[in-house]
Amino acid sequence: MRDLTQALAGFAAGPVSTTSAARLVASLSALDWVAVGRAGAAEPVARITRTMVLEEGGAAQATLFGTGAAPMRGAALVNGTISHALDYDDTHFAHIGHPSVAVFPAAMAWAEANGQSLVELLEAALVGMELSVRVGLWLGRGHYQAGFHQTATAGAFGAAAAVGRLAGLRPAQMAQVLGLTATRAAGLKAQFGTMGKPYNAGIAAAAGVEAVQLVRLGFDANPAAMEGAYGFGATHHGAGDLEAALEGLGQGWFFEEVSHKFHACCHGLHAALEAARELDIAEPELERLSVRTHPRWMSVCNQPAPETGLGAKFSYRTVLAMRALGYDTARLDSYSDALCADPRMQDLRDRITVEEDESLSETEAVLHLLRRDGQEREARHDLQAPLSLAAREERVRGKAAKLIGGKPADAIWTLLRRGGAASDLSRYLTAPLVLDRPSA
């Protein structure tokens, strides 16, 4: 039987053969990460964590979202937290986690501080994000269902692998790093709905940097701490699914299947919104609209009549009514208390019903539309349905433009595709936002 840690360490520290699709998707996730992080830089949790780290002082090694610079470990903590503050970052449904917000902050901090290139940064981040998905598969759904936040737990191993690769660690050292990370990886779903959720991502990023720093200095850790009777898997409700974790390791890239968010709301609502795009629903034509969704989302994002913009992000009826009224659900400023109080919104919302359907997967939704002229139409969408690379690029770049402005988004994308230094990318973490005005 193959040893998980040794296999992952060999993958993370050794030569890899990346596909053009994996490289493109990694670049899109980098653009997405910068955009959501920069857009979230003024959030309260961003201000608090950034202030804490800046007040501690230390070497200005890596740039922080919004303003300032800090030591690598502090920068990873702050930028991981900030980039998950809006909960608008990418998701991988294979292990129910957000890969980018744990891995990119750690890799970015190390690459910037050590004068490395964007090519090195992107390859290391891709390896780290792939490894985090595979660790998540090894842990299984029971780990998540027991209350652990995969973004933080599996993500910490991905962050450590990415930084270790940038640091040039040998496989034996990488195994030590993964073993040490096993005693630092942490994050609970109990923090959902609070600042603790994005902080979990920051903890993962910082843990990855810290583990590499210590091992490089000669720190001795147990390289078998992921597995075994008292290892991370056994003590954290892990399934120990070695086959799922190592399937095609080094030949295929699970990360290619990452899902980018194209709506600024709970991911549970996205399949319904994508189905609404296919129906092209509009308020003047809508008599009744029904939504069928997996039962798990009924307690997560089915607020029937929210009164706040935040509540609207967890309401099928509200986001579908927004779509029918012409609001852009990708824009952060579309969600407001005033929107929820609009009589047109309230009237339309009352024409929308939500039903659970156990035959659907967690990534599916079905809409049934009754038009005022009596015609009926239906649309189904699965978030795991293949999206062409061209379509994915168009939508991620469009999302970034709405978050930080068209010119900065285009400049970042050009930089990511043409290459340069990691420090060239870091200046966009603090660049002022010049948002494009929404069309009338």
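Scroll up to find the structure.
Residues numbered from 1 in each chain as written. Predicted model: local features only at pLDDT ≥ 70, side-chain atom pairs only at ≥ 80, totals over all residues. Heavy atoms only, no water.

J.: Mind laying out the pairing of strand β6 (residues 376-382), listing which residues take part and the relevant values?
T.: Looking down a regular strand, the side chains alternate between one sheet face and the other. Pairing of strand β5 (residues 364-371) with β6 involves seven bridges; the strand directions are antiparallel. Paired with Ala 365 across the two strands is His 381, which belongs to β6. Taking the residues between adjacent antiparallel strands as the criterion, β5 and β6 are bridged by four residues, where Gly 374 takes a positive phi near 95°. (Pairing = 2+ DSSP bridges. Helix = DSSP H or I, 4+ residues; strand = E, 2+ residues; numbered from the N terminus.)

J.: Before we move on, can you summarise the state of the cysteines with the specific residues and values?
T.: One pass over the full model with this rule turns up zero disulfides. Take Cys 266: it sits in no disulfide, and the sulfur closest to it among the cysteines is that of Cys 301, at 4.0 Å. For Cys 301, a relative accessible area of 0% gives the class buried. (Disulfide = S-S within 2.5 Å. Buried < 20%, exposed > 50% of the residue type's maximum accessible area, 1.4 Å probe, protein only.)

J.: For the layout of surface pockets, give the residues involved together with the corresponding values.
T.: For the largest pocket, the calculated volume is near 1,200 Å³. What lines the largest pocket is a set of 48 residues, and nearest its centre among them are Leu 86, Asp 87, Lys 197, Lys 261 and Phe 314. Looking at the lining of the largest pocket, the elements that each hand over two or more residues are α3 (44-56), α7 (141-145), α10 (196-216), α14 (309-312) and α18 (389-404). Split into classes, the residues belonging to the lining of the largest pocket amount to 23 nonpolar, 14 polar and 11 charged. Space inside the second largest pocket adds up to approximately 460 Å³. Forming the boundary of the second largest pocket are 23 residues, of which Leu 383, Gln 384, Ala 385, Leu 387 and Arg 392 lie nearest the centre. For the lining of the second largest pocket, the secondary-structure elements that each account for two or more residues are α13 (270-279) and α18. Here the lining of the second largest pocket takes three residues from α13, the largest share from any one element. Residues that form the lining of the second largest pocket fall into these classes: eight nonpolar, eight polar and seven charged. (1 Å grid on protein atoms, 1.4 Å probe; cavity = no way out; pocket = protein on both sides within 12 Å on 5 of 7 lines; lining within 4 Å. Points joined across faces, edges and corners; volume = space filled by probe spheres on them. Nonpolar A, V, L, I, M, F, W, Y, C, P; charged D, E, K, R; others polar.)

J.: Kindly report on the sheet that holds strand β3 (residues 286-293), identifying the contributing residues and their values.
T.: Here we have four strands laid out as an open sheet, ordered β4-β3-β5-β6, and mixed in their pairing. Looking at which strands have only one partner, the edges of the open sheet turn out to be β4 (352-356) and β6. Within this sheet the neighbouring strands show an average axis-to-axis angle of 15°, counted without direction. On top of the sheet, α13 reaches β3, β5 and β6; it is set at about 135° to β6, its chief contact. (Axes fitted to C-alpha atoms, helices over the stretch in contact; angles between N-to-C directions. Contact = heavy atoms within 4.5 Å.)

J.: Tell me about the pattern of salt bridges, residues and numbers included.
T.: Under the criterion given, the structure shown has 25 salt bridges. Measuring nitrogen to oxygen at the nearest pair gives 3.1 Å for the salt bridge that ties Arg 351 to Glu 283. Remark: Glu 283 occurs in the loop between α13 and β3 and Arg 351 occurs in the loop between α17 (343-349) and β4; sequence separation between them is 68 residues. We classify Arg 351 as buried; its relative accessible area is 10%. The residue Glu 362 makes a salt bridge to Arg 296 at a minimum N-O spacing of 3.3 Å. Taken together, the residues Glu 362 in the loop between β4 and β5 and Arg 296 in the loop between β3 and α14 connect sequence positions 66 residues apart. Among the residues examined, Glu 362 registers a relative accessible area of 25% and is labelled partly exposed. For Arg 296, a relative accessible area of 24% corresponds to the partly exposed category. Connected through shared salt-bridge partners, Glu 283, Glu 287, Asp 347, Arg 351 and Arg 372 make up one network. (Salt bridge = Lys/Arg side-chain N within 4 Å of Asp/Glu carboxyl O.)

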